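Understanding the architecture of this molecule
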Amino acid sequence: MKFAFLKVCAALSLAAAALPSTFVAAQQGDPAQRQFAREVFQQLVEINTTDSVGNITTAAEAMRKRLLDAGFPAADMQVLGPNDRKKNLVVRYRGAGQKKPILIICHLDVVEARAEDWTTDPFKFVEKDGFYYGRGTQDMKVDDAIMVVNFIRLWKEGYKPNRDIILALTADEEGGHSNGVNWLLQNHRELVDADFVLNPDSGGINISNGKALLVAVEATEKVYADYQLTVTNPGGHSSLPRPDNAIYHLVDSLGRLQAYTFPFELNPVTRTYFQILSQRTTGEVSADMKAILAATPDPAAIKRLSADPLYNSTMRTTCVATRLNAGHANNALPQTAQAIVNCRIFPGHSPEQIRQQLSSVFADPKVSVKYMNDAGETFATAPDRTVIVPPPPRAEVFDPLTRIAAEIWPGAPVVPTMETGASDSIYTAAVGIPSYGFSAIALESDDMRAHGRDERVPINSYYQGVEFYYRYLKALSSTQ
Ligand SMILES: [Zn+2]
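Everything in this summary refers to the structure shown in the same document. Source: prediction; values computed, not measured.

Some words on the overall build of the chain
When helices and strands are tallied, the chain shows 15 helices and 20 strands. The C-alpha atoms of the chain give a radius of gyration of 24 Å, which matches the 23 Å a tight globule of 480 residues would have. Structurally, the chain occupies a C-alpha span of about 80 × 55 × 45 Å along its principal axes. If you take every contact in the chain between residues at least 6 apart in sequence, the share linking residues at least 24 apart comes to 80%. Each charge class in the chain was averaged separately, 47 positive and 53 negative side chains, and the resulting centres sit 2 Å apart.

Structural data, given as structure tokens:
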């Protein structure tokens, strides 16, 4: 998962001031550091970590060796997981223990890449036209590399943090059945327990013609849930239709879902998000954002903003029909009709609550609504697990981020966002660890290639990202 905030940026560009890039060569580190950073990135991209034929353990071991060679104690590194191909690396940079640790989670796996669709070999690290190309250059080996490079740079400087910083490089965020973050939380909580989580798999800097417009930081995310609707019927010969028909029941229910809108909601994160956006947009959009923030939100403003899919999804739970399957013969009354409804649940509600809500929207006892898990198994009831309503964005996290972002991307506001998709932060947030998503990678809004062909990252964006996290990790673990 990566960068779902983008649509906002098109609206923002209208109001964005023209800001000169003040990025200077000194921020990019010395040539030896640059070369080292490049090598680590290249190595990660060239280790295939797809679910089909790749190997996460190979990448985890390669990074462990890098850290070991730099002097990290073997005892502070673990390579572990549920099977040989899907092992995670957990490394603990020991600090003075003045505060609870910080945990950084970065997935090592990448989505599949069909070589015939690409103009370069997806598993070769290619430098071309000011970009690095290769699968994972956006999502998210770029961030894996940034973290490993900075752990090593800080260690070699003799830097001693005031608290432990834990880095977990993990399996199966994009797919597969061995999600590393979930597995570590379930089986080795002590290795990854933390005060808060940084997950660079979301957020990022949006640039337009090289100018930074917006620094997005994910401060919460919605919950993914699938529901299976089923209607059964004795069926019969289609020459003798009856009013009671499985397909009609199903379609009528889906029609009611289409007409239904979940209630408008805000939380401290989305409130801050719309506050900042209302100041950076113009005209009716800006006025509508102010109107939904009022003590009594204006329903007309909510309706207008809801026409934009991103704003709509940021203001409420959404559920949408995504698959249909019905009938067994052209000349038979259908015995079964099924649909999948995919929901993105606003934090504070459980999948079971939404299942019950769907049942009441369908208002048809003939329609059964079951919860479907990632493995495709169905259950009569859904989990009661509720993602916590996020607290207001934490100053300890946002203040240094804002300060350092202003040094590297001056003039671009830091905006906390609610991710409408899903990342591994769902697991850490579910066990009560506040989780923030910030990839320090600057991308043009029309150059999002995560999961796509010819994935690439601007070379400068990579070294800026390295520099950002060098300063940020220090700030988070020093004077505060
Ligand atoms: Zn990702």
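Read on, since the account is not over.
Some remarks on the packing of aromatic side chains
All chains considered together, the criterion is met by 25 aromatic pairs. Arranged with centres 6.0 Å apart and planes meeting at 70 degrees, the rings of Tyr227 and Tyr371 form a pair that is edge-to-face. Residue Tyr227 is found in strand 10 (residues 223–232), and its partner Tyr371 is found in strand 15 (residues 368–372); the two are separated by 144 residues along the sequence. By relative accessible area, Tyr227 is classed as buried at 0%. An aromatic cluster is defined as three or more aromatic residues linked by ring pairs; in this entry it consists of Phe41, Phe125, Tyr132, Tyr462 and Tyr463. Over the ring of Tyr463 we find Arg34; its NZ or CZ atom is 3.9 Å from the centre of that ring.

Focus: the side chain of Asp364
Along the polypeptide, Asp364 turns up in the loop between helix 12 (351–362) and strand 15. Buried and unpaired, Asp364 has Arg256 as its nearest opposite-charge partner, separated by 4.4 Å. Of the polar contacts made by the side chain of Asp364, one reaches the side chain of His249; its length is 2.6 Å. Once residues within four sequence positions are removed from consideration, Asp364 is found in contact with His249, Ser253 and Arg256.

As for empty space enclosed by the protein
Inspection of the entire model under this criterion finds four cavities of 30 Å³ or more. Counted as a void, the largest cavity has a volume near 150 Å³. If you go around the largest cavity, you meet 15 residues; those closest to its centre are Ala219, Thr220, Pro390, Ala429 and Ser435. The element best represented in the lining of the largest cavity is strand 9 (residues 211–221), accounting for four residues. Along the lines of polarity and charge, the residues of the lining of the largest cavity split into ten nonpolar, three polar and two charged.

Details of unusual backbone geometry
The general pattern is negative phi for most residues beyond glycine and trans for most peptide bonds. Along the chain, Asp139 connects to Met140 via a cis peptide bond; the corresponding omega equals -15 degrees. Along the polypeptide, Met140 turns up in the loop between strand 5 (131–133) and helix 4 (141–156). Phi at Ala363 is positive, roughly 50 degrees, even though this residue is not glycine. In this fold, Ala363 is placed in the loop between helix 12 and strand 15.

A short note on the state of the cysteines
Within the structure shown, the criterion is met by one disulfide. Linked covalently through their sulfurs, Cys319 and Cys343 form a disulfide whose S-S length is 2.1 Å. Classification of the bridge connecting Cys319 and Cys343 rests on its S-S torsion, roughly 115 degrees, and on that basis the disulfide is right-handed. Here Cys319, found in strand 12 (residues 318–326), pairs with Cys343, found in strand 14 (residues 336–345); they are 24 residues apart in sequence, far enough to count as distant. Of the residues examined, Cys343 reaches a relative accessible area of 0% and is grouped as buried.

As for the side chain of Arg92
Looking at where Arg92 falls in the secondary structure, it is placed in strand 2 (residues 88–93). Under the relative-accessibility criterion, Arg92 is labelled buried at 15%. A polar contact is formed between the side chain of Arg92 and the backbone oxygen of Glu190, at a distance of 3.4 Å. Within the local environment of Arg92, its side chain forms a polar contact with the backbone oxygen of Leu191, the two atoms lying 3.2 Å apart. Discounting chain neighbours no more than four positions away, the residues touching Arg92 are Asp76, Pro101, Asp164, Ile165, Ile166, Glu190 and Leu191.

Regarding a nonpolar patch on the surface
Side chains of Ile247, Tyr248 and Val251 sit close together on the surface and give an oily, nonpolar patch of about 280 Å² of accessible area. If you trace the backbone, Ile247 turns up in helix 7 (residues 246–259).

Brief notes about the nonpolar core
If you look at the biggest cluster of nonpolar residues, it comprises 75 residues, and the most contacted ones within it are Phe151, Leu198, Trp409, Phe438, Tyr462, Phe468 and Tyr469. Here this core gets eleven residues from one element, more than from any other, and that element is helix 15 (residues 459–476). Contact partners of Leu198, with chain neighbours within four places excluded, come to Ile102, Leu103, Ile104, Ile105, Val397, Tyr436, Tyr469, Tyr472 and Leu476. Counting residues in hydrophobic clusters, the runner-up holds 42 residues, among them Ala339, Ile345, Ile354 and Ile426.

A short note on the packing of helix 2 (residues 31–46) against helix 3 (residues 56–70)
What describes two packed helices is the angle between their axes and the distance between those same axes. Remark: helix 2 packs on helix 3, axes separated minimally by 10 Å, with the N-to-C direction vectors making an angle of 160 degrees. When the axes of helix 2 and helix 3 are compared, the pair comes out roughly antiparallel. The hand of the helix 2/helix 3 crossing is right-handed. Residues Phe36, Glu39, Val40, Gln43 and Leu44 of helix 2 form the contact with helix 3, whose own contacting residues are Ala59, Ala62, Met63 and Arg66. Class assignment of the residues belonging to the contact of helix 2 with helix 3 gives a composition of six nonpolar, one polar and two charged.

Conventions we followed
Residues numbered from 1 in each chain as written. Predicted model: local features only at pLDDT ≥ 70, side-chain atom pairs only at ≥ 80, totals over all residues. Heavy atoms only, no water. Helix = DSSP H or I, 4+ residues; strand = E, 2+ residues; numbered from the N terminus. Rg over C-alpha atoms; globule rule 2.2 N^0.38 Å. Contact = heavy atoms within 4.5 Å. Lys, Arg positive; Asp, Glu negative; His and termini not counted. Charge placed at Lys NZ, Arg CZ, Asp CG, Glu CD. Phe/Tyr/Trp six-rings, centres within 6.5 Å; stacked < 30°, edge-to-face > 60°. Buried < 20%, exposed > 50% of the residue type's maximum accessible area, 1.4 Å probe, protein only. Lys NZ or Arg CZ within 6 Å of the ring centre and 35° of its normal. Salt bridge = Lys/Arg side-chain N within 4 Å of Asp/Glu carboxyl O. Polar contact = N/O pair within 3.5 Å; in protein donor to acceptor, adjacent residues only side chain to side chain. 1 Å grid on protein atoms, 1.4 Å probe; cavity = no way out; pocket = protein on both sides within 12 Å on 5 of 7 lines; lining within 4 Å. Points joined across faces, edges and corners; volume = space filled by probe spheres on them. Nonpolar A, V, L, I, M, F, W, Y, C, P; charged D, E, K, R; others polar. Disulfide = S-S within 2.5 Å. Patch = residues over 30% accessible without salt bridge, like charges linked within 9 Å, V, L, I, M, F, W, Y side chains within 5 Å. Areas by Shrake-Rupley, 256 points an atom, 1.4 Å probe, with all protein chains shown as cover. Core = buried A, V, L, I, M, F, W, Y, C linked by side-chain atoms within 4.5 Å. Axes fitted to C-alpha atoms, helices over the stretch in contact; angles between N-to-C directions. Parallel < 35°, antiparallel > 145°, perpendicular 65-115°, else oblique. Left-handed = near helix turned anticlockwise from the far one by under 90°.

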